[in-house]
Amino acid sequence: MKRRYFIIISSIIAICIISCVAYYLSMQANATLQNRLIEMHGKTINLSFDETEVFYNGNDTTYGNSKVKKLVIFVDSASCSGCFINKLVQYYDINEHLNQKDGQLVIVFNPPQNKIEEIRRKIIRKELPFWCVLDKTGDFLLKNPIIPDNELLHSFTLDENDNIILVGDPLSNPDIMNLFLKQINQQS
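Here the structure is a predicted model, which means the values were calculated and not measured. (Residues numbered from 1 in each chain as written. Predicted model: local features only at pLDDT ≥ 70, side-chain atom pairs only at ≥ 80, totals over all residues. Heavy atoms only, no water.)

Caption draft 1: Just the pairing of strand E6 (residues 155-158), in detail. The alternating pattern of E6 places Ser155 and Thr157 and Phe156 and Leu158 on opposite faces, both of which are buried. Relative to strand E7 (residues 164-167), E6 runs antiparallel, the two sharing 3 bridges. When the bridges of E7 are listed, leucine 158 appears paired with isoleucine 164. Connecting the antiparallel pair E6 and E7 is a turn made up of 5 residues, with aspartate 162 showing a positive phi of about 65°. (Buried < 20%, exposed > 50% of the residue type's maximum accessible area, 1.4 Å probe, protein only. Helix = DSSP H or I, 4+ residues; strand = E, 2+ residues; numbered from the N terminus. Pairing = 2+ DSSP bridges.)

Right under this line is the structure:
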């Protein structure tokens, strides 16, 4: 009987300790994420796409960076670029809203080397009505070291001077969508 109580009490103590450690690690991760958000806000993103291929409506073109607000989404080599292309239809409404405000949607793909041709074909075939940048060399990240590894921080809204005014994908969170719409609708 004593052994049974000892096992039960030991299990409860172990669960409490594990819960406390998990909570501490979670709070530490949130603090790190919050610090990265603060660090990114107001930083300038370099949108000169020299070593890339740029497509608009499936056509090979040159990106003309104009002084408008932009939503930039970076899809790095660790992400599934092909999967992301398949869900880009979800961004049509955002793109339409940006176009109404003379804004731009810019998707930067940095796929693994063995996927570049596949991604190029998909971009051309789908004739996406926004800027699609195929970064074959990782040039975008080299020019923008402020972009962290955390995929949650790979979408950001830029002001007319390419400074970050909001971090986060509007499709991933209704609160970010509301902030995004507020930023886009705000007159400079």
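The structure having been displayed, the exposition proceeds.
Caption draft 2: Seen up close, the sheet that holds E6. One open sheet holds the 7 strands; their spatial order is E2-E1-E5-E4-E3-E6-E7, and the pairing between them is mixed. Of all the strands in the sheet, the pair left with one neighbour each is strand E2 (59-61) and E7. Adjacent strand axes in the sheet meet at a mean angle of 25°, parallel and antiparallel pairs treated alike. Pairing of strand E1 (residues 52-56) with E2 involves 3 bridges; the strand directions are antiparallel. Counterpart to valine 54 in the pairing with E2 is threonine 61. Of the strands in this sheet, strand E3 (70-75), E6 and E7 touch helix H6 (residues 174-185), which is tilted by about 160° from E7. (Axes fitted to C-alpha atoms, helices over the stretch in contact; angles between N-to-C directions. Contact = heavy atoms within 4.5 Å.)

Caption draft 3: The packing of aromatic side chains, seen in detail. Considering all chains together, one arrives at 6 aromatic pairs under this definition. Aromatic pair tyrosine 63 and tryptophan 131: ring centres 4.9 Å apart, planes at 90°, arrangement edge-to-face. Here tyrosine 63, found in the loop between E2 and E3, pairs with tryptophan 131, found in strand E5 (residues 131-135); they are 68 residues apart in sequence, far enough to count as distant. For the pair shown, tyrosine 63 and tryptophan 131 are each scored as buried. Counting every residue linked through ring pairs, the aromatic cluster contains Phe49, Tyr56, Tyr63, Phe74, Trp131 and Phe140. (Phe/Tyr/Trp six-rings, centres within 6.5 Å; stacked < 30°, edge-to-face > 60°.)

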